[in-house]
Amino acid sequence: MGDKGKYIGIIMGLTFASLIMTQQPAIFVGLMSRSYSFISDLGLPDIWVMDNKVQFVDDIKPLQDTELYRVRGISGVEWAMPLFKGLLKARLTDGTFQTCNVIGLDDATLIGGPPTMIEGKLDDLRRSDSVIVDIDGATEKLGKPSLIPGGKPIPLKIGDSLELNDRRAIVVGIAKSTRTFQSQPMVYTTYSRAKNYAPVERKLLSFILVKSKQGQDLHELTQRIKQNTGLAAYTQAEFKELTYQYFMHNTGIPINFGISIMLGFIVGAAIAGQTFYNFTLENIRQFGVLKAMGTSNLTLLKMILLQAVLVGSIGYSLGVGLTALFGFATRHTILAFKFPWQLLVFSGAGVSIICIFAALISMIKVLRLEPAIVFKG
Amino acid sequence: MTLAVRCQNLTKTYDTNSQIVTALDGISLDIPMGELMMLVGPSGCGKTTLISVIAGILDQNSGECELFGENLQHLSGKDKLKFRAKNIGFVFQAFNLLPALNAAENVAIPLIINGMNRHLAERKAIELLTQVGLGERWTSLPSQLSGGQQQRVAIARALIHNPRLIVCDEPTSALDHETGLNVMHLLKSVALQKDRSLVIVTHDARIFEFADQVAEMDDGHIINVKKAPLRT
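The notes below deal with the structure included here. (Residues numbered from 1 in each chain as written. Chains lettered and ligands numbered in written order. Predicted model: local features only at pLDDT ≥ 70, side-chain atom pairs only at ≥ 80, totals over all residues. Heavy atoms only, no water.)

## Thoughts on the overall build of chain B
- Along the backbone of chain B there are six helices and 10 strands.
- For 232 residues, the compact-globule estimate of 2.2 N^0.38 gives 17 Å, and the C-alpha radius of gyration of chain B, at 17 Å, lies within 12% of that figure.
- With the C-alpha coordinates aligned to their principal axes, the bounding extent of chain B is approximately 45 × 40 × 40 Å.
- Looking at chain B residue by residue over its 232 residues, the buried ones come to 54%.
- Nonlocal contacts in chain B, meaning residues at least 24 apart in sequence, comprise 68% of its contacts between residues at least 6 apart.
- Distance between charge centres in chain B, computed from 22 positive and 24 negative side chains, equals 7 Å. (Helix = DSSP H or I, 4+ residues; strand = E, 2+ residues; numbered from the N terminus. Rg over C-alpha atoms; globule rule 2.2 N^0.38 Å. Buried < 20%, exposed > 50% of the residue type's maximum accessible area, 1.4 Å probe, protein only. Contact = heavy atoms within 4.5 Å. Lys, Arg positive; Asp, Glu negative; His and termini not counted. Charge placed at Lys NZ, Arg CZ, Asp CG, Glu CD.)

Structure below.
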């Protein structure tokens, strides 16, 4: 009551907890969604066919080209297209090397291309030695060295060339694609050209992209493909889930973020709980006065709860606001950030638990309070 | 003579660090309606414990204490709260005003506890503050008021719901002599009425003259009750 400094202290504690409980998960969700961003960007196919041992989208276990024809022969398949996906080294103009994610699209249809073209056209891939580079890669990792020492790289533009596995590649377009988990530059080209760029191997077909016929049940079709080919077949959602689960179970990312979130929760709870309790202790005489004057315990508890709800709401709003601000400020950077509504519910629940805890320890003190305290000096 | 308070053979002990301290040791005391009773005595003699029992905020170990014929120990917790809210007003040594509320809001608290609408309660509070000479200061926070003004707000708070007993704990000890006398004049003129009694715990001998009766306490006993000379 009446102590602005302490009031601000409680709000700061809750703001901090709320910020950590939204910002860290938002980065986590952003990072995890990048793990399957390549699948999301390829919206057209319904089903992805691959080797049985593939665990996630970057875990390439190539197939023989003949598998493509087997899949095309299965009933319910509208079309099936090859897709090459592989990590190749690009030699830049200054002689340095940069690993790129090279995507080879079906030569005839160019299915599997980038979601948005910024400069040039997808059809330009039909020109000899042509590649399309994603904008992030073109401006950062594949950019030409700055003329000023320590300056920003000069973005790659249409007409520039680079070397992929000692073969010339000419940039014919700049595309926008979602950053992947490893944030490597994306280089799109045709399937046959990608095979030329890639080191010689017996099998080079990474995935078969399948479109189902209209009205075809996707799960039935995936089962049919599995039975007929012995390969793995997933719907787009299933393949995303497979990739997501791989990163969840085989990397330390969830644990690291989990620890951060837990620490934010504990520190927030400690600050808010301690300050709120001290606040009650310092005002215990006022509670005693109200009790002596005939205020019921229930009314006093409501007062404490109202204060907890008030500071909780302010702290939560500030924390969420700061997180949103953080996301806005970093939207064009390499940092992964995704803020779905579920995170608001999650952090709201966290802040509520902290407030209930803080209010509860104060409530116990007030419930046990003897009103006769008011006459003690 | 109608009695406001009737205490018989009250005992109260405290258990502190495995030592039993007797604060009230068989106290009997009557406070007539319309009178101002002062409880005096050295520190630790049991004055505060006695007014706490009289005001129904502390339970005695044995003995009977009736307020306006009602034995508070026989009431349920809820009924005791209601009884206190309706019939007792408090004035404290350290004023104990809520620091975040302005004068009118502080004074309105007992009416709100008794279920009155907040706006109406505050209107009545402003009227009463005007009566105690603080009509212009009703928007002031306690920290913006002098000690004497704060005590006047506290007296208004004790009177606003028209209680039948007002319990005051050292109401003048935090005030200078002149302000203390002004506060006592106010209590005597505004608070004391035919159907209302005052119990004041004090060390301040300068205000004994305002009492109708002075009960002297020592070591948990009342050793002497005398009518104040000016009142006889």
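## Digging into the sheet that holds strand β4 (residues 62–67) of chain B
Residues and elements named next belong to chain B.
- Taken in spatial order, the four strands of this open sheet run β2-β1-β4-β5, and their pairing is antiparallel. This sheet does not close on itself; its edge strands, each paired only once, are β2 (19–32) and β5 (70–71).
- Judged from the two bridges that link them, β4 and β5 form a sheet pairing that is antiparallel. Bridging across to β5, Glu66 finds its partner in Asn71.
- Of the strands in this sheet, β1 (3–16), β2 and β4 touch helix α1 (residues 47–54), which is tilted by about 60° from β2. (Pairing = 2+ DSSP bridges. Axes fitted to C-alpha atoms, helices over the stretch in contact; angles between N-to-C directions.)

## Observations concerning the interface of chain A and chain B
- Taken together, the contacts link 17 residues of chain A with 21 residues of chain B.
- When the buried surface of chain A facing chain B is broken down by residue, Ala292, Met293 and Phe375 of chain A rank first, second and third, together holding 42% of it.
- There are two residue pairs in polar contact (both at pLDDT 80 or more) connecting chain A and chain B.
- For the side of chain A that touches chain B, the per-class residue count stands at nine nonpolar, five polar and three charged. (Buried area = accessible area lost by both parts, 1.4 Å probe. Polar contact = N/O pair within 3.5 Å; in protein donor to acceptor, adjacent residues only side chain to side chain. Nonpolar A, V, L, I, M, F, W, Y, C, P; charged D, E, K, R; others polar.)

## Considering the packing of helix α3 (residues 103–113) of chain B against helix α5 (residues 147–159) of chain B
All names here are of chain B.
- Where α3 contacts α5, the axes come no closer than 7 Å and their chain directions differ by 30°. Looking at the two axes, α3 sits roughly parallel to α5. For the pair α3 and α5, the crossing hand works out as right-handed. Across from Ala103, Asn106, Val107 and Pro110 in α3, the residues of α5 making contact are Val153, Ala156 and Arg157.
- When the residues that make up the contact of α3 with α5 are grouped by side-chain class, the tally is five nonpolar, one polar and one charged. (Parallel < 35°, antiparallel > 145°, perpendicular 65-115°, else oblique. Left-handed = near helix turned anticlockwise from the far one by under 90°.)

## So, the state of the cysteines
Residue and element names in this part refer to chain B.
- Per the stated rule, a full pass over the model turns up zero disulfides over all chains.
- There is no disulfide at Cys7, and the cysteine sulfur nearest it, in Cys65, is 3.3 Å away.
- What makes Cys7 buried here is its relative accessible area of 1%.
- Take Cys45: it sits in no disulfide, and the sulfur closest to it among the cysteines is that of Cys7, at 15 Å. (Disulfide = S-S within 2.5 Å.)

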